Structure formats: structure tokens, C-alpha cells
Amino acid sequence: MKFGTKAVHAGVKPDPATGAIMTPVFQTSTYAQASPGKHKGFEYSRTQNPTRMALEQSISALENGKHGLCFASGMAAIDTLVKTLNPGDEVISTDDLYGGSYRLFTRVYEKYGIKFHFVNLTEKEKVSSLINDKTRLIWVETPTNPMMTVVDIPALVEMVKGRGILVAVDNTFATPYLQQPLDLGADVVMHSVTKYLAGHSDVVMGALVVNDDALAEQLYFLQNSSGAVPGPQDSFLTLRGIKTLHLRMQRHCENAAIIADFLSGHAALEKVYWPGYTSHPNHDVAQKQMKAFGGMLSMQLKGDKKETFRVMEKFKVFTIAESLGGVESLCNHPVTMTHASIPPHERERLGITDSLIRLSVGIEDADDLLDDLQQALG
Ligand SMILES: *Cc1c(COP(=O)(O)O)cnc(C)c1O
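About the cut-offs
- Residues numbered from 1 in each chain as written.
- Predicted model: local features only at pLDDT ≥ 70, side-chain atom pairs only at ≥ 80, totals over all residues.
- Heavy atoms only, no water.
- Pairing = 2+ DSSP bridges.
- Helix = DSSP H or I, 4+ residues; strand = E, 2+ residues; numbered from the N terminus.
- Buried < 20%, exposed > 50% of the residue type's maximum accessible area, 1.4 Å probe, protein only.
- 1 Å grid on protein atoms, 1.4 Å probe; cavity = no way out; pocket = protein on both sides within 12 Å on 5 of 7 lines; lining within 4 Å.
- Points joined across faces, edges and corners; volume = space filled by probe spheres on them.
- Nonpolar A, V, L, I, M, F, W, Y, C, P; charged D, E, K, R; others polar.
- Domains from an automatic or database assignment.
- Near = heavy atom within 4 Å.
- Polar contact = N/O pair within 3.5 Å; in protein donor to acceptor, adjacent residues only side chain to side chain.
- Areas by Shrake-Rupley, 256 points an atom, 1.4 Å probe, with all protein chains shown as cover.
- Contact = heavy atoms within 4.5 Å.
- Axes fitted to C-alpha atoms, helices over the stretch in contact; angles between N-to-C directions.
- Left-handed = near helix turned anticlockwise from the far one by under 90°.
- Expected span 1.5 Å × (residues − 1).
- Arc of directions from axis to C-beta.

Draft legend 1. The sheet that holds strand β12 (residues 356-360), seen in detail. Read from one edge to the other, the open sheet built from 5 strands follows the order β8-β9-β12-β11-β10, with strand pairing classed as mixed. Unpaired on one side and paired on the other, β8 (269-273) and β10 (319-320) mark the two borders of the sheet. As judged from the 5 bridges shared by strand β9 (residues 296-301) and β12, these two strands associate in the antiparallel manner. Bridged to Leu297 within β12 is Leu359.

In C-alpha cells, the structure reads:
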């Protein structure tokens, strides 16, 4: 089955009791049993819920995976994966990382004796010099947030092959419409479902997708034991959102390409970060492993922080807000907003400066977005 058909149908079957086309919101905590222990596969909604299950099947189908698990947030999904590790284990993570992931790794899990290395994953020698017999996980984000670095997933998979090291990809920015990490050899895909998958800025949710049965069993155990599961109403909203994922992504990508074209060489800008430019350092990798270049881009203004804020305040269609991937265009100041938990020296090194604005390009009419950028940039 092709992607668009799966987006509409996977996991969703007419309700056997009523024929309802859409999976009902099973707003229930528990399930009647005919006799103690004799039930229909559902005991308690932390463990299983039919609405959540339909969504888990939908997301795993879109990622061409075998097992999908949903969580109360993207961070809860990452947290669950990290809980499969043991004290003494080491993780190699991308250095240009979602601020919340950086905070979870360094401020929550380091104290339990898990060691995290942060490195530019496009520098193969550096990555390979960090790999040792304690390495258990490579944590990849691609494209990265907010610098839009594209990491070659098959190259990393090749590097760790046969060494008992998992490759996990945070696929939030790309979505399975653009990039399917399991098909590229990765072991785990993670999503902040909050963003493009749900797509309407009305849900906070996370997901993990894996192929390996033993790993899935371990993750189900942790999902049930720690209990950071999403509720049925949010699962329903996300199932509904996913049905248009392919259409939304097409438009996000088209609009971002039009905007990237407009911003390229703009007099008010120092630099624009977008993997679709042929001059982007990882453009060839993006072309190889992604279907298109996504709806995210970052721009560095020539002016200082004050001027940057002034531009952001002038936007009429772009709204100043955290998050991304919704139908509406948003702009974000990473230093003050999403990346405040990354230490200043680390941000400077990565190029996350006071003059950097990240855009999440929505699905509005491109002309209105261009007009907005034009009037704000002056
Ligand atoms: C938002 C985000 C997360 C965290 O997900 P939540 O749903 O906010 O918990 C992780 N990774 C990336 C790339 C994100 O954008």
C-alpha cells in the first residue's frame, strides 16, 4: 500500500459493533471481564486502549515498522527509550539537538550513570573515535533543530553494524512522508507526534516505532510500567490529523521552497539554513534520503537581538510561538525559547545566535507568507 492510502486507512477499521467509519474515542479506564482473567484483550487503559492502539498501528504502518508505541509526549517517548539503558552505558548524540532532549540526557539521566557524548554526527571520524564497548545507542536528529544539518543515516548504520549499538532517529522534522529511517537501517524511530503527525497544534504526544520483537517487548513493558501514555481523545485527534499528513507535507514543502527562494540572498539576512539549497553542506545527503526538504528553515539576521525581536513582532501571519509542524506558520527565537536549556557557549559554537529565527512554514497561501516576510524584513 502506498503512503497516502496508509495515512487514510492504516490502523482504522469500521467499528465492528456499529460500523462507525472513524475509530471511536474509547473514553474508558477499564473493561468488563466475563470471569476473572477472561477478557477481550483489554484490561486497563494504561496497558491497552483501542483508540490508542489504532493510532499506534497507523504510525507504525507509516514508518514501515512492526511495532508502534504512543506516549503522553515526545519527551516521554525518548525517556522510555533511555530507560532501556543501564548505568555505565554510553550514548553518542548529535550536538545540534532539541533542547528538551539535551536537558533530559544531561540533567536527568547523567546522574544515573549513563554517559552522553555530543558530537556533529556528520563528522564520521569524530563519531568513530567515540565508539567503544560501552556504546549502546546513537541518537540522531535529522534534519537537526534549528540548524538544519542533515545526517547520513545509512552511513551511521554501517559504522556500528554488528556491534550491538542501536541507531535511533528523531524523525519529528522529516516525518515518514519524507524519510523512513527503519528502511534506511535504523533500529528505532521517535516522533514528537505533537508536531507534523498530529499537525494541528492541538495535541502533545510522542511515539516510538521499532521492528525488533525483543526491543518492542522491553518498550511495552516500560510504557506500561512508567505509564506515560496518551489519552483516547488525543489519540483520536491524532488519528484524524494523520489522514491528511501527505497532503499537508506536500504543501509545507512547497511553501518552504518558495520562501527559501525568496530569502536566499535577502539584504537583511546573514544566512539562511535550508537543506534544499544546492549550497547546503549536506544537500546531497538530503536528496538521497529525503523525498523533499521539509517545512522548516532558519534564518540569521544581520541585525542584533533587538532588531531580530523587532522583525518577529512585525509578523502578521507568522505567530511567535514554540513548537512547529502545525497547519499555521510559526516563528521561534531558539535562544530565548526552544533552546534556552542549551548552555550559551554551546549555542554560540553551533551558530544558534541572538539573531537566529526559526520558521515553521504552514500550509497557508504562499503569497501571504511572502508578503508577511517582506513587510517584516523591510
Ligand atoms: C518537540 C520536539 C521534541 C519533544 O517532543 P514533545 O512532544 O514536545 O515532548 C523532541 N524532538 C524534536 C525534534 C522536537 O521538535
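Let's pick the thread back up.
Draft legend 2. Structural view of the side chain of Ser58. Considering the arrangement of structural elements, one finds Ser58 in helix α2 (residues 50-62). Looking at Ser58, the relative accessible area reads 1%, which means it is buried.

Draft legend 3. Here's a closer look at empty space enclosed by the protein. Overall, the coordinates contain 1 cavity of 30 Å³ or more when judged by the stated rule. Put simply, the largest cavity is a space of about 50 Å³. In terms of lining, the largest cavity is formed by Pro143, Met148, Phe173, Ala174, Leu178, Tyr196, Pro275, Met290, Phe293, Gly294, Gly295 and Met296. Class assignment of the residues belonging to the lining of the largest cavity gives a composition of 10 nonpolar, 2 polar and no charged. Both of domain 1 (3-242) and domain 2 (245-377) provide at least three residues apiece to the lining of the largest cavity.

Draft legend 4. Molecular detail of the site of the ligand. Surrounding the ligand, one finds Ser73, Gly74, Met75, Tyr98, Asp170, Thr172, Ser192, Thr194, Lys195, Met205 and Leu324. In this structure, a nitrogen atom belonging to the ligand sits 2.7 Å away from a side-chain N or O atom of Asp170. Starting from 370 Å² of accessible surface for the ligand in isolation, the protein chains cover 92%. Tallied by class, the residues present in the shell around the ligand amount to 4 nonpolar, 5 polar and 2 charged.

Draft legend 5. Geometry of helix α4 (residues 99-109). Buried residues dominate α4, accounting for 8 of its 11 residues. Looking only at α4, the buried set comprises Gly99, Gly100, Ser101, Tyr102, Leu104, Phe105, Thr106 and Tyr109. Those residues of α4 that are buried lie in contact with α3 (74-82), β2 (90-94), β3 (115-119) and β4 (135-141).

Draft legend 6. Layout of the packing of α2 against helix α9 (residues 232-242). Where α2 meets α9, the axes come as close as 8 Å, and the angle between the chain directions of the two elements is 35 degrees. Every pair of crossing elements has a handedness; the one defined by α2 and α9 is left-handed. Facing Thr51, Arg52, Ala54, Leu55, Ser58, Ile59 and Leu62 of α2, the residues of α9 in contact are Pro232, Ser235, Phe236, Thr238, Leu239 and Ile242. Class assignment of the residues belonging to the contact of α2 with α9 gives a composition of 8 nonpolar, 4 polar and 1 charged.

Draft legend 7. Representation of the pairing of strand β1 (residues 67-71) within the structure. Most of β1 is tucked away: 5 of the 5 residues are buried. Here β1 shows no split at all, with His67, Leu69 and Phe71 on one side and Gly68 and Cys70 on the other all buried. Across 5 bridges, β1 lies against strand β7 (residues 206-210) in antiparallel orientation. Note on β7: the bridge partner recorded for Gly68 is Val209.

Draft legend 8. Molecular detail of helix α14 (residues 366-377). Across its 12 residues, α14 extends 16 Å between first and last C-alpha, which sits within 8% of the 16 Å expected from 1.5 Å per residue. Along α14, the residues that are buried comprise Ala366, Leu369, Leu370, Asp372, Leu373, Ala376 and Leu377. Down the axis of α14, the buried side of the element spans an arc of 160 degrees, and every buried residue falls inside it. On its buried face, α14 is in contact with α10 (245-263), β8, β9, α12 (305-314) and β12. Among the residues trailing α14, Gly378 stands out with phi positive, at a value near 75 degrees.

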